[in-house]
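Chain by chain, the residues:
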Amino acid sequence: MSQGDILPGPRLRHAAIITVIGYVMSFGVPFASFSILPKLFVADDAAKTSQNILAHQGLFVAVIFAFLVNFIGDVVAAWGLYLLLRPVNASISMFVAWLRVVYAGVGIAAVLNLVTAHRLLTRPAALAALGQVQRDAQVHVAVGTFTSQFAFSLIVFGAYLVLLGWLVYRSGYIPRWLGIVLAIAGAGWIVMEAGRYLLPGVDLGFLFVTSFGELVLLVWLIGWGTRLREPAADRATSLAA
């Protein structure tokens, strides 16, 4: 095969499609985070938490796999966005993609706490070894640890969004306002989640409204991103005209 026969890399519209697939894989997380887990986890009652999970084991397993699929989707989205923004700056685009992969790795590590809680509740040996009170306490700690670790990982995710927004703003083929929206979303996640540690007495929950930046990106990718033309091709067309 000659050099001229080498197949080109994925086009921008293909990168947009890959990114959309990654984002679609996260659709189960809002339901798991805001609907299922709050009903199962009782902050001040370990015994009740265990009872809830045992009574709804299927829902708890659904939560585990919803988050697992979500973080795998994050890796897919990181790949797609790297390809989409590689023409802006390949090195920085790669770094930003790895930052999202790091976030996904931390997230999967947090999910292992839910796996531990499931094991403690479904293996009779755990009850025999620990006793019900101690087992329930460990389950309660494991689920709470997942919540805290996942929230902490969002600080990394926020930094990722800020840098992603910068790349989008510089791209020239994606609207600049979308880069600003992503940067605001990233800053919101950083302040909101880091504030738990740095400003423990301040309620920053109102910043949650900024978290919808990626949803705006997803809508744009579906409506316009899948029809993107290559920057080089656009320049060639302009010169020919």
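(A) Just the pattern of salt bridges, in detail. Scanning all chains against the criterion turns up 4 salt bridges. As a salt-bridge pair, aspartate 74 and arginine 100 come within 2.7 Å of each other at their nearest N and O atoms. With aspartate 74 in helix 4 (residues 57–85) and arginine 100 in helix 5 (residues 90–122), the pair connects residues that are 26 residues apart, well separated along the chain. Given a relative accessible area of 4%, aspartate 74 falls into the buried group. On the accessibility criterion, arginine 100 (2% relative accessible area) is buried. One salt bridge in this structure joins glutamate 193 and arginine 196, with 2.7 Å as the shortest N-O distance. With glutamate 193 and arginine 196 both in helix 8 (residues 176–198), this residue pair falls 3 residues apart, about one helical turn. For glutamate 193, a relative accessible area of 4% puts it in the buried group. On the basis of relative accessible area, arginine 196 is assigned to the exposed category, the value being 52%. Connected through salt bridges with shared partners, the residues Asp74, Arg100 and Glu214 form a single ionic network.

How each quantity is defined
Residues numbered from 1 in each chain as written. Predicted model: local features only at pLDDT ≥ 70, side-chain atom pairs only at ≥ 80, totals over all residues. Heavy atoms only, no water. Salt bridge = Lys/Arg side-chain N within 4 Å of Asp/Glu carboxyl O. Helix = DSSP H or I, 4+ residues; strand = E, 2+ residues; numbered from the N terminus. Buried < 20%, exposed > 50% of the residue type's maximum accessible area, 1.4 Å probe, protein only.

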